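Single-letter residue listing:
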Amino acid sequence: MNLLMQALSWNYVLVTALIGSFSAQLIKVILNLILVGKFIPERMWGAGGMPSAHSATVCAMVVATGRYCGTHSTLFAIALIVSIIVMYDAMGVRRETGEQAKVLNRLLNEWMDQESEFLPFLGDKKLKEMVGHTPIQVWTGAAFGAAIGFAMPMV
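Cut-offs applied
- Residues numbered from 1 in each chain as written.
- Predicted model: local features only at pLDDT ≥ 70, side-chain atom pairs only at ≥ 80, totals over all residues.
- Heavy atoms only, no water.
- Helix = DSSP H or I, 4+ residues; strand = E, 2+ residues; numbered from the N terminus.
- Buried < 20%, exposed > 50% of the residue type's maximum accessible area, 1.4 Å probe, protein only.
- Contact = heavy atoms within 4.5 Å.
- Areas by Shrake-Rupley, 256 points an atom, 1.4 Å probe, with all protein chains shown as cover.
- Axes fitted to C-alpha atoms, helices over the stretch in contact; angles between N-to-C directions.
- Parallel < 35°, antiparallel > 145°, perpendicular 65-115°, else oblique.
- Left-handed = near helix turned anticlockwise from the far one by under 90°.
- Nonpolar A, V, L, I, M, F, W, Y, C, P; charged D, E, K, R; others polar.
- Phe/Tyr/Trp six-rings, centres within 6.5 Å; stacked < 30°, edge-to-face > 60°.

Considering the overall build of the protein
Then, in step 1: Of regular secondary structure, the protein possesses six helices and zero strands.
Then, in step 2: Mapped from its N terminus to its C terminus, the protein presents α and β elements in the order α-α-α-α-α-α.
Then, in step 3: Across the 155 residues that make up the protein, the buried fraction comes to 36%.
Then, in step 4: A separation threshold of at least 6 residues defines the contact pool for the protein, and within that pool the share at least 24 residues apart is 72%.
Then, in step 5: With an accessible surface of roughly 9,400 Å², the protein has 70% of that area assigned to carbon and sulfur atoms.

Written out as structure tokens, the structure is:
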């Protein structure tokens, strides 16, 4: 607890946001272990999945900024706008990228089954499909991050 208090006194907002991010990523690993039945370390740093670590990070940052600087501060306004952009991007652009990757991977697999001897340079290339989030993953991450922001003791 003493180490946490020292870290929070160094930079309250940054440490709170990092704890929100790390905790959400840890939850992804645990949920994956329970649901899939195997430990996949990539879930600790990978994008996508439940809950959204991006949302948890920015919402923890927003709440910490509001608590530390006040909700009428310019810093709170900046943090809020950045968090909205990040969460919108996670549900929109990044999610669409993942959906497109699924389609392209399926097409590539079918194509490689038929034409693999003519296109050896493609090998076993696959696009990453889990890069974005569903709205429920984003909102869960946001609620989790906000809870972390409120749970951190003020210094």
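Read on for the rest.
A closer look at the packing of helix H2 (residues 12–36) against helix H6 (residues 135–151)
Then, in step 1: Taken N-terminus to C-terminus, the directions of H2 and H6 make an angle of 135°; their axes are 9 Å apart at the nearest point. By the angle between their axes, H2 is oblique relative to H6. When you trace H2 past H6, the crossing you get is right-handed. Between H2 and H6, the contacting residues are Tyr12, Thr16, Ile19, Gly20, Ser23, Ala24 and Ile27 on the first element and Phe144, Ile148 and Gly149 on the second.
Then, in step 2: Here the contact of H2 with H6 is built from residues that sort into six nonpolar, four polar and no charged.

A few points about the side chain of Thr65
Then, in step 1: Counting through the fold element by element, Thr65 comes out in helix H3 (residues 53–69).
Then, in step 2: When sequence neighbours within four positions are dropped, the list of residues in contact with Thr65 reads Val13, Gly70, Leu75, Phe76 and Ala79.

Considering the environment of Gly46
Then, in step 1: Within the secondary structure, Gly46 is located in the loop between H2 and H3.
Then, in step 2: We classify Gly46 as buried; its relative accessible area is 5%.

Quick word on the packing of aromatic side chains
Then, in step 1: A full pass over the atoms with the stated rule returns one aromatic pair.
Then, in step 2: Ring centres of Tyr12 and Tyr68 lie 5.6 Å apart, and the angle between their planes is 15°; on these two criteria the pair is classed as stacked. Here Tyr68 lies in helix H3 and Tyr12 lies in helix H2, a separation of 56 residues in the sequence.
Then, in step 3: A relative accessible area of 48% places Tyr68 in the partly exposed class.

Thoughts on the environment of Cys59
Then, in step 1: Along the polypeptide, Cys59 turns up in helix H3.
Then, in step 2: Spatially, the C-alpha atom of Cys59 lies 5.5 Å from that of Ala142, the residues being 83 residues apart in sequence.
Then, in step 3: In this structure, Cys59 is in contact with Met87, Ala142, Gly145 and Ala146, ignoring residues within four places of it in sequence.

Brief notes about the packing of H3 against helix H4 (residues 74–91)
Then, in step 1: In the contact formed by H3 and H4, the axes pass within 9 Å of each other and the chain directions differ by 170°. Put simply, H3 runs roughly antiparallel to H4. Crossing handedness for the pair H3 and H4: left-handed. Counted together, His54, Ser55, Val58, Cys59, Met61, Val62, Thr65, Gly66 and Cys69 of H3 and Leu75, Phe76, Ala79, Leu80, Val82, Ser83, Val86 and Met87 of H4 form the full contact between these two elements.
Then, in step 2: Considering only residue class, the contact of H3 with H4 consists of twelve nonpolar, five polar and no charged.

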